[in-house]
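# What the coordinates show
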Amino acid sequence: MTDRIKPIIQRIGETDQLYLQGNTPELALERADLRLELVMLSQLRQEQIHFLQEAVVLLEQGRIEFEEMPLRLYVDLSLHLAKAYMIYFEITREARFATITQQILKPMTHDDFGDIYFFLAYASAAKNEPSLARHWLKKYSATQAFDLQMLRGHSAFFAYREEVWFNSMLHSKLH
């Protein structure tokens, strides 16, 4: 076991013990995030899928189990869930995972969180929906969350690098 994985596994054990004493949305987020870290560190597809499934269950449970929670926490749980499904997409190349991401986040667009727009653009690009990707990227670019370097380097948007609208959007953010 590598030095990077050992503390994650240890923390998973600790948070699982905390769960037995009582769940909270914050704990669900941490438990899922730890599993997503393992997905990123694993080289085995079967392990990645296993940890993704656990993360999805924890995040879904965290989103529905509690009647009240701060909006930011609900958005964080939803964004992590979207991230998990997009990792599923990256591993399997099955468009249904991008569709699920859209279904999770589309109802939340009225709250104007930039990361929601980013993941909607990512899912749209993954499904080869350039008009929707452009729409969501335009909204994303108008938010505080906009990250020029991340957008430039993200493989989902490589197909748009030669597009005038994409370059105009990036250029407008340089100034």
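To be clear, the structure that these remarks concern was listed above.
Let me begin by describing the structure that accompanies this report. (Residues numbered from 1 in each chain as written. Predicted model: local features only at pLDDT ≥ 70, side-chain atom pairs only at ≥ 80, totals over all residues. Heavy atoms only, no water.)

### Section: the side chain of Arg63
Convention followed: Numbering goes from the N terminus for both helices and strands, where a helix is a DSSP run of H or I of at least four residues and a strand is a run of E of at least two. What qualifies as a polar contact is a pair of N or O atoms within 3.5 Å, subject to a donor-acceptor requirement within protein and to the restriction that residues adjacent in sequence count only when both atoms come from side chains. Contact between two residues is taken to exist if any of their heavy atoms lie within 4.5 Å; hydrogens are not considered.
Tracing the chain through its elements places Arg63 in helix α3 (residues 45-64). A distance of 3.4 Å separates a polar atom in the side chain of Arg63 from a polar atom in the side chain of Tyr74. Beyond its immediate sequence surroundings of up to four residues, Arg63 is in contact with Met69, Tyr74, Leu77, Ser78, Leu81 and Ile104.

### Regarding the packing of aromatic side chains
The test is simple: Working definition: rings of Phe, Tyr and Trp (its six-membered ring) pair if their centres are within 6.5 Å, and the pair is stacked with planes under 30 degrees apart, edge-to-face with planes over 60 apart, and tilted otherwise. Buried means the residue's accessible area, taken with a 1.4 Å probe over protein chains only, is under 20% of the maximum for its type, while exposed means over 50%, and partly exposed covers the values in between.
Counted by the stated rule, this structure contains 14 aromatic pairs. Between Phe118 and Tyr122, the ring centres sit 6.1 Å apart and the planes meet at 45°, which makes this aromatic pair tilted. Of this pair, Phe118 and Tyr122 are both found in helix α6 (residues 114-126), 4 residues apart, which corresponds to roughly one turn of the helix. Judged by relative accessible area, Tyr122 falls into the buried class, the value being 8%. Here the aromatic rings of Tyr160 and Trp165 are separated by 5.5 Å at their centres, their planes lie at 50°, and the arrangement is tilted. An aromatic cluster is built from Phe118, Phe119, Tyr122, Tyr140, Phe146, Phe157, Tyr160, Trp165 and Phe166, whose rings are joined through pairwise contacts.

### Structural notes on the pattern of salt bridges
What counts, and what does not: Any Lys or Arg side-chain nitrogen found within 4 Å of a carboxyl oxygen on Asp or Glu counts as a salt bridge.
All chains considered together, the criterion is met by 10 salt bridges. Across the pair Arg35 and Glu54 runs a salt bridge, and its minimum N-O distance is 2.7 Å. Note that Arg35 is positioned in helix α2 (residues 25-41) and Glu54 in helix α3, a separation of 19 residues in sequence. Residue class for Arg35 comes out buried when judged on its relative accessible area of 4%. According to the relative accessible area criterion, Glu54 is partly exposed, its value standing at 27%. Between Lys127 and Glu129 there is a salt bridge whose closest N-O contact spans 3.3 Å. For Lys127, a relative accessible area of 23% corresponds to the partly exposed category. Connected through salt bridges with shared partners, the residues Asp16, Arg31, Arg35 and Glu54 form a single ionic network.

### Topic: the side chain of Gln102
Within the secondary structure layout, Gln102 lies in helix α5 (residues 95-105). Looking at Gln102, the relative accessible area reads 12%, which means it is buried.

In short, the description is geometric, and any link to function would need to be established separately.
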